[in-house]
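# Notes for the structure review
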Amino acid sequence: GFPPLLTIQAAINRAHEGNYIYVYPGTYAPINVDVNVKILSMPDLGDAAISQTVISGIGFSDTSSVIFSGVDSLAELKGFTITGGSASQGAGIHLINSSPVLEKLVIYDNNTTITGGLGGGIYCINSSPIINKVTIADNFGTVGGGIYINDQSIPTIINSIIWNNAPTDAQQ
């Protein structure tokens, strides 16, 4: 096979639609997913991989930890912690025209950067992701501390926990 790449983004940039990207435990820089790929933490580690495989925006200015653009349900992100994002929209996960499968994630401590910021944990615009077995906690956004949903977005949320997020409006 090929030698491992140093970043998840390098693998995404090389990937073709339908490819699988397996990620070893560690802390990784933010990613931008614009191709239908399946990004998975190491499955042989089971649920322990979630806390050991981190996509972090810490040290990056004004960027979401994960951005999905123009992908459908053939794209997946499974078995990660998403943290440290700091952006005006979708500090944790920013979805635009995208409907990926988000599964077995912990999305915490992501913060919008401005007054009026949208979606501390997840931001959905014209996006209908499947959110399964996801914990969204301790995120901040002026509108939608946990999740901001707008513009023809219809997410499916299954077996997930949304708690202790800090919006200043009614949308959790």
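Per chain, residue numbering runs from 1 following the sequence as it is written. Since the coordinates come from a predicted model, pLDDT governs what is reported: local features require at least 70, and pairs of side-chain atoms require 80 or more to be given and counted, while whole-chain, interface and lining totals use all residues. The basis for the side-chain values is all heavy atoms of the structure; hydrogens and waters are excluded.

Turning to the packing of aromatic side chains, a few remarks are in order. Aromatic pairing here means that ring centres of Phe, Tyr or Trp (its six-membered ring) are within 6.5 Å. Orientation follows from the plane angle: under 30 degrees is stacked, over 60 is edge-to-face, and everything else is tilted. Summed over the entire model, instances satisfying the criterion amount to 2 aromatic pairs. Both rings, one in Tyr20 and one in Tyr22, keep their centres 6.1 Å apart while their planes meet at 10°; by these two values the pair is stacked. Assessed through its relative accessible area of 48%, Tyr20 is described here as partly exposed. Ring centres of Tyr123 and Tyr148 lie 5.5 Å apart, and the angle between their planes is 10°; on these two criteria the pair is classed as stacked. Burial classification: accessible surface area is computed with a 1.4 Å probe over protein chains only, and a residue below 20% of its type maximum counts as buried, one above 50% as exposed, and the rest as partly exposed.

We note that Asn97 has phi near 50°; this positive angle belongs to a residue other than glycine. Helix and strand definitions here come from DSSP, where helices need a minimum of 4 consecutive H or I residues and strands a minimum of 2 consecutive E residues; each element is numbered from the N-terminal end. Tracing the sequence through the fold places Asn97 in the loop between strand 9 (93–96) and strand 10 (101–108). Its relative accessible area of 43% is what places Asn97 among the partly exposed residues. Positioned with a positive phi, Asn159 is a non-glycine residue whose angle comes to about 45°. One can find Asn159 in the loop between strand 15 (156–158) and strand 16 (161–163).

Should the charged atoms of two oppositely charged side chains come close, the side chains can pair. For this analysis, a salt bridge means a side-chain nitrogen from Lys or Arg found within 4 Å of a carboxyl oxygen belonging to Asp or Glu. Under the counting rule described, the total for this entry stands at 3 salt bridges. Taking the shortest distance from any N to any O, the salt bridge between Lys38 and Glu76 comes out at 3.4 Å. Placement of the pair is Lys38 in strand 4 (residues 38–41) and Glu76 in strand 7 (residues 76–83), with a sequence separation of 38 residues. Its salt-bridge partner being Asp47, residue Lys104 comes within 3.1 Å of it at the nearest N-O pair.

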